[in-house]
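The lines below spell out each chain.
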Amino acid sequence: MAVQYAVAHSGSISGVGSIAGPAWGCAQGSLANAVNQCMCGRSHFDVPGIQQAAAFLKAKAGDLEHLGAIDPFASGKPRALTHSYVFQSPADPTVVMQSGQVSARFLKEFIGSDPVLDTGDSAESSDGAGHGIIAPDPGNESCAATGQERTFVRYCGNEDNAGKLFHALYGNGRAFDPSRRMSVPDNEVWRFSQQPHISNVRSEIHIIAADSWFFFFPWKTERRKNFDMADDGYLYVPPSCRPSTSHCRVHVALHGCRQNAEQFARRAGYNNWADYYNVIVVYPAIEPSGKPFEAEVCSLSAVPSTADDLMTKENRNGCWDWWGYLDIATGWPNRYLTQQAPQMRVIENIIRAVTAR
């Protein structure tokens, strides 16, 4: 979802990080593709097809730019987007290494320069990390996958995804200095209401997929009418950004599927670097639609294409809409990749509110 937003708004977003995430656009509006190709590396997202897959996705982005659905390019490149970071553990059982490689190759093709590609560190065992984000706090979950994950924030020694991501985007060539990481109390992470921003977009977008049944009819719950977004998001403003005269960047950090948004905002590690890089960190949040689906999907058989024909589109794992689950019946299956995507419009509203003077 982070890459989706950055591609759609590449005229105003300067950098993007992808941590254990699939490649932009690989789902092509299909749940079956999202699982089989983007997460599990089946079909054409295998190792021999990485360059071809990235070229296909770059062409798709060009088509959307030609339609005016994403920010225009300058001389074939984004106007603002220049830096990127990709972390992908070779041992991730949920989004496999091949998908991370496609993501890195796509970003190179799209931006015109190589992303900082991080596949972990054998000295910290992070090259054997399970799915999630890694922060150097011993209280986090184990580095390797156990099947009992709840936060998907992992401890692999000194490995620090957020720190390295910030350094890649904002380091300006300086050496990465782990000693600059600061401790941040939980009570300094503030809660804010997403509802006004959701309501602004909700008044304009009415065609979204149903997520439940009323007797035998597809039905939209109030959560779905809010585009599956939670009532509240979270915000961290470091001391360097609190004076009215300060000039700070805004970094939007998006939690992953099955991650509790509040835990993510407090433990993922972005706050610990915010003061050093003069960054306000905003954490928008999704609300799951029910009990999460906890099985490791890539250990199961392939999802059949008939899954895309279901009349309701649940979101039990609280994922951002990176495969188009809100788009059924819109007549535009690629809306989720564009500036008209409902959740992306809410995020844009939140950014506008944070940066208003």
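None of the values given here were measured: they were computed from a predicted structure.

With that settled, consider the pattern of salt bridges. Taken as a whole and judged by the stated rule, the model has 18 salt bridges. In this structure, Arg335 engages Asp327 in a salt bridge whose closest nitrogen and oxygen atoms are separated by 2.9 Å. For the pair shown, Arg335 and Asp327 are each scored as buried. Several salt bridges converge on common partners, so that one network encompasses Arg191, Asp232, Glu262 and Arg266.

To summarise the sheet geometry, strands pair through backbone hydrogen bonds and adopt either a parallel or an antiparallel arrangement. Pairing within the open sheet is parallel, and its three strands lie in the order E1-E4-E5. Across the chains shown, the open sheet's two edge strands, defined by having one partner strand only, are strand E1 (15-19) and strand E5 (116-118). Neighbour-to-neighbour, the strand axes of the sheet open up by a mean angle of 5 degrees, direction not taken into account. Each of E1, strand E4 (83-87) and E5 is contacted by helix H4 (residues 97-111), which is oriented at about 175 degrees to E4, the strand it contacts most. Along the sheet face, helix H5 (residues 161-170) touches E1, E4 and E5 and points at about 155 degrees away from the line of E4.

So, on to H5. Burial analysis of H5 places eight of its 10 residues in the buried class, which makes it a mostly covered element. Within the sequence span of H5, burial applies to Asn161, Ala162, Gly163, Leu165, Phe166, Ala168, Leu169 and Tyr170. Directly beyond the C-terminal end of H5, a positive phi value near 50 degrees is found at Asn172.

Calculation notes
- Residues numbered from 1 in each chain as written.
- Predicted model: local features only at pLDDT ≥ 70, side-chain atom pairs only at ≥ 80, totals over all residues.
- Heavy atoms only, no water.
- Salt bridge = Lys/Arg side-chain N within 4 Å of Asp/Glu carboxyl O.
- Buried < 20%, exposed > 50% of the residue type's maximum accessible area, 1.4 Å probe, protein only.
- Pairing = 2+ DSSP bridges.
- Helix = DSSP H or I, 4+ residues; strand = E, 2+ residues; numbered from the N terminus.
- Axes fitted to C-alpha atoms, helices over the stretch in contact; angles between N-to-C directions.
- Contact = heavy atoms within 4.5 Å.

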